[in-house]
Protein chains: 2
Amino acid sequence: MTQSFFYIFVIMKNKPSLLTMNFSELFVPGLSVDCVIIGFEDHKLKILILKWNSDIDGWALPGGFVLKNEDLDKAAIRVLKERTGVELPFLEQFKTFGNLDRGKRNNALEKVKIDGITPEHIEWMNQRFISTGYVSLVDIKKCDPRPDILSEKIDWIALDELPNLILDHKHIVKKAISFIKNQINYLPIGITLLPERFTMKELQLLYESILEKKLDRGNFQRKMLKLDIFNRHEKHLEGGAHKAPYLYSFDHEKYNKLLEQGFSFNS
Amino acid sequence: MTQSFFYIFVIMKNKPSLLTMNFSELFVPGLSVDCVIIGFEDHKLKILILKWNSDIDGWALPGGFVLKNEDLDKAAIRVLKERTGVELPFLEQFKTFGNLDRGKRNNALEKVKIDGITPEHIEWMNQRFISTGYVSLVDIKKCDPRPDILSEKIDWIALDELPNLILDHKHIVKKAISFIKNQINYLPIGITLLPERFTMKELQLLYESILEKKLDRGNFQRKMLKLDIFNRHEKHLEGGAHKAPYLYSFDHEKYNKLLEQGFSFNS
DNA sequence: ACAAAAGTGTTTATAATACACCCATGA
DNA sequence: TCATGGGTGTATTATAAACACTTTTGT
């Protein structure tokens, strides 16, 4: 319900006239999408969340409404693009949240005073909402997070440092993480989370973050390389007082071939 | 969108007056649930589907609308109960279907002439619908399938003998099966699909149906028994000209303990 | 006695785990 | 030269897979 604001802002920049429209004509009523956009930085998983302005307490997941002539998936793609500038790295629906108690009426909405937002808009946003959760894995360095007219800021926050989130958004995040954890054995997940070139150590730290357990260095390296989906680059990374690690990148052709035939990486 | 009829029927039996209500007041607009109810009979996976009456061509998954003051999950539970009489054996949400092209307008709806169904009801049902898919695993013998005012019959149909299904219901079935296939390594799925007592052979046939591949008899038996979640019963099954197989049942206490600690059965 | 299918055993191959060793590097 | 972390090797254990052997039963 709340995410509408961010969408309104985008509309305002492009076609301000749309704001005079009744939401009921524009959007599928009562249905929204929420995106858990996950990145990896400083050896930690982080997600992109929006800090509301002082009138409204709490942070929120990037989300939005579904246009009447828009696929549900497309709505999520649009939200991802609007918040990060990124197009379709990895975006998957994981669950639809439809409990009655998720949508406690947000009194804060009544306080909002923004040009073009009418009491009818507020009324519409205060209806019961069912929200479909999408999870996206992105390279933080490729993102250009865009704050919103209603939010003081948009930020990457480590999973273990999350502030209060509105509604059931914390629950949505938990479900997203558990979804990724289950998927990791069937998807070489690093391909969208890491930069183009990375070390095996970095990939291992990513896996350890997702699985929440330590892995054996030697075994991890051997199992990964055995998948035969990496290119090893001759230029080593320099810096530490130790042997320089190789840099790797995904061989997209081999990677896709492996995905097609299916595989299992147990860790 | 079509499933509404079945729900109307139930309402008619209980509180016929509700039929005079506007659907917009009763239901969350544009949102439905569809249930893929899976059973196991004659060594085959079967699903419960509804054959429409002659005015309307095609079969449909059991489904329904979501009441305005009802959890999404509760709507699925209600549909399962109404169609089978069964309460909560195994019911899980697996995906929400929201593509525009899934809801091609069903001209057949206009032909329908049923007491109490007004053009406004038809109009409402012809709006764009987004549907959340639930999958349920049930013991066919415990089910009491109930056909509907609009359907000639309700039947268990083997997966490889499915007739034409309306809308994207075939696609929904495929996704449900693939969901179960992925879950099978983490859930002793037989507990709700098989009768109280069963042979290892039957359990194996069930697994082979879901996994769509043959399994080694000896290895399957040993791996299953090693899970230590079964009770072996001394009364053997008789009938064939061969050694009589033991009957097993799930030890619910051990089963639940295993589920809590998590396990993986690779087959 | 025999066929058929159950129950159990055995062998082999493959993969997971733990840890050891040597190597390259910068201070 | 020494501490550090990278790359690779190896022994051990656990699991999967293939298949063989024995048992029980009705005909």
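A brief structural summary. (Residues numbered from 1 in each chain as written. Chains lettered and ligands numbered in written order. Predicted model: local features only at pLDDT ≥ 70, side-chain atom pairs only at ≥ 80, totals over all residues. Heavy atoms only, no water.)

Moving on, we come to the layout of surface pockets. Of the volumes computed, that of the largest pocket is approximately 2300 Å³. Counting residues per element, the ones that place at least two in the lining of the largest pocket are helix H3 (72–84), strand E5 (91–97), helix H6 (169–183) and helix H10 (252–261) of chain A together with helix H3 (72–84), strand E5 (91–97) and helix H6 (169–183) of chain B. (1 Å grid on protein atoms, 1.4 Å probe; cavity = no way out; pocket = protein on both sides within 12 Å on 5 of 7 lines; lining within 4 Å. Points joined across faces, edges and corners; volume = space filled by probe spheres on them. Helix = DSSP H or I, 4+ residues; strand = E, 2+ residues; numbered from the N terminus.)

When chain A is brought onto chain B, the operation consists of a screw motion whose angular component is 180 degrees and whose axial shift is 0.0 Å, with 0.0 Å RMSD remaining. Here the transformation between the copies is reduced to the relation of a two-fold axis. Most of the interface of chain A is mirrored in chain B: 100% of its interface residues are interface residues there too. (Least-squares fit on C-alpha atoms with pLDDT ≥ 70 in both. Contact = heavy atoms within 4.5 Å.)

Attention now moves to the protein's contact with DNA strand C. In the neighbourhood of DNA strand C, 23 residues make up the surrounding shell, with Asn219(A), Ala241(A), Arg217(B), Arg222(B) and Tyr246(B) lying closest. The sugar-phosphate share of atoms of DNA strand C within 4 Å of the protein amounts to 48%. Contact between DNA strand C and Arg222(B): a base oxygen at 2.7 Å from a side-chain N or O atom of the residue. Mapped by element, the contributors of at least two residues to the surface near DNA strand C are helix H9 (217–226) of chain A together with helix H9 (217–226) of chain B. Per-class residue counts for the surface near DNA strand C are 6 nonpolar, 7 polar and 10 charged. (Near = heavy atom within 4 Å. Polar contact = N/O pair within 3.5 Å; in protein donor to acceptor, adjacent residues only side chain to side chain. Nonpolar A, V, L, I, M, F, W, Y, C, P; charged D, E, K, R; others polar.)

Let us look at helix H8 (residues 200–211) of chain A. Residues and elements named next belong to chain A. For H8, with 12 residues, the first-to-last C-alpha span of 16 Å sits near the 16 Å given by 1.5 Å per residue. Of all 12 residues in H8, 9 are buried, a share of seventy percent or more. Every buried residue of H8 is listed here: Met200, Leu203, Gln204, Leu205, Leu206, Tyr207, Glu208, Ile210 and Leu211. Backbone geometry just after H8 places Glu212 at a positive phi near 55 degrees. (Expected span 1.5 Å × (residues − 1). Buried < 20%, exposed > 50% of the residue type's maximum accessible area, 1.4 Å probe, protein only.)

In this section: the protein's contact with DNA strand D. Surrounding DNA strand D, one finds 22 residues, the nearest of these being Arg217(A), Arg222(A), His242(A), Tyr246(A) and Lys243(B). The sugar-phosphate portion of DNA strand D accounts for 52% of its atoms within 4 Å of the protein, the bases making up the rest. Interatomic distance of 3.0 Å between a side-chain N/O atom of Asn219(B) and a base nitrogen of DNA strand D. Elements that contribute at least two residues to the surface near DNA strand D include exactly H9 of chain A together with H9 of chain B. Of the residues in the surface near DNA strand D, the class split is 5 nonpolar, 7 polar and 10 charged.

All names here are of chain A. For the coordinates displayed, the defined rule picks out 2 cavities of 30 Å³ or more. By volume, the second largest cavity is sized at about 40 Å³. Residue lining of the second largest cavity: Ile38, Leu45, Leu137, Ile177, Ile180, Lys181, Leu193 and Ile210, and that is the complete set. Looking at which element gives the most residues to the lining of the second largest cavity, the answer is H6, with 3 residues. Of the residues that constitute the lining of the second largest cavity, the class distribution is 7 nonpolar, no polar and 1 charged.

It is worth spelling out the packing of aromatic side chains at this point. Applying the stated criterion across every chain yields a total of 33 aromatic pairs over all chains. For the ring pair Phe198(A) and Phe250(A), a centre distance of 5.4 Å and an interplane angle of 45 degrees mean the geometry is tilted. With Phe198(A) in the loop between helix H7 (190–193) and H8 and Phe250(A) in strand E9 (residues 247–250), the pair connects residues that are 52 residues apart, well separated along the chain. Take Phe198(A) and Phe250(A): they sit in the same class, and that class is buried. Through a chain of ring-to-ring contacts, three or more aromatic side chains come together here, namely Phe198(B), Phe230(B), Tyr246(B), Tyr248(B), Phe250(B) and Tyr255(B). The ring of Tyr246(A) has Arg232(A) sitting right over it, with the charged end atom 3.8 Å from the ring centre. (Phe/Tyr/Trp six-rings, centres within 6.5 Å; stacked < 30°, edge-to-face > 60°. Lys NZ or Arg CZ within 6 Å of the ring centre and 35° of its normal.)

Residues and elements named next belong to chain A. Of note in the backbone geometry, His43 takes a positive phi value of approximately 65 degrees without being a glycine. Examined against the element boundaries, His43 turns out to sit in the loop between strand E1 (27–41) and strand E2 (44–52). For His43, a relative accessible area of 53% puts it in the exposed group.

The next point concerns the interface of chain A and chain B. In this assembly, 21 residues from chain A lie in contact with 21 residues from chain B. Taken together, both faces of the contact between chain A and chain B bury some 1600 Å²; the carbon and sulfur share is 48%. Applying the counting criterion to the chain A and chain B interface returns 11 residue pairs in polar contact (both at pLDDT 80 or more). Taken together, the residues of the side of chain A that touches chain B sort by class into 9 nonpolar, 6 polar and 6 charged. (Buried area = accessible area lost by both parts, 1.4 Å probe.)

Another aspect to go through is the side chain of Thr192(A). Relative to the helices and strands, Thr192(A) is located in helix H7. Not counting chain neighbours up to four residues away, the residues in contact with Thr192(A) comprise Pro89(A), Phe90(A), Leu137(A), Val138(A) and Asp139(A).

Okay, H6(B) next. Compared with the 21 Å implied by 1.5 Å per residue over 15 residues, the 21 Å span of H6(B) between its first and last C-alpha is a close match. In this structure, the buried side of H6(B) is in contact with strand E1 (27–41), strand E2 (44–52), strand E3 (59–60), E5, strand E6 (130–137) and helix H8 (200–211) of chain B.

Looking now at the packing of H8(B) against H9(B). All names here are of chain B. Contact geometry for H8 and H9: axes closest at 10 Å, N-to-C directions at 100 degrees. Classified by the angle between their axes, H8 and H9 sit roughly perpendicular to one another. Of the residues in H9, those in contact with Met200, Leu203, Gln204 and Tyr207 of H8 are Arg217, Phe220, Gln221, Met224 and Leu225. Broken down by class, the residue content of the contact of H8 with H9 amounts to 6 nonpolar, 2 polar and 1 charged. (Axes fitted to C-alpha atoms, helices over the stretch in contact; angles between N-to-C directions. Parallel < 35°, antiparallel > 145°, perpendicular 65-115°, else oblique.)

Moving on to the pattern of salt bridges. Once their charged atoms are close, side chains differing in charge can pair, the charge on each being opposite to the other. Enumeration according to the criterion identifies 28 salt bridges over all chains in this entry. One salt bridge connects Glu82(B) with Arg78(B), and the closest N-O pair in it is separated by 3.5 Å. Here Glu82(B) pairs with Arg78(B), and both are found in helix H3, just 4 residues apart, close to one helical turn. The exposure class of Glu82(B) is buried, given its relative accessible area of 15%. Linking Arg102(B) and Asp168(B) is a salt bridge whose minimum nitrogen-to-oxygen distance equals 2.7 Å. Taken together, the positions of Arg102(B) in the loop between E5 and helix H4 (108–111) and Asp168(B) in the loop between strand E7 (151–158) and H6 put the pair 66 residues apart, joining distant regions of the chain. Linked by salt bridges that have partners in common, Glu70(A), Arg78(A), Glu82(A) and Arg83(A) make up one network. (Salt bridge = Lys/Arg side-chain N within 4 Å of Asp/Glu carboxyl O.)

What is shown is where atoms sit, not what they do.
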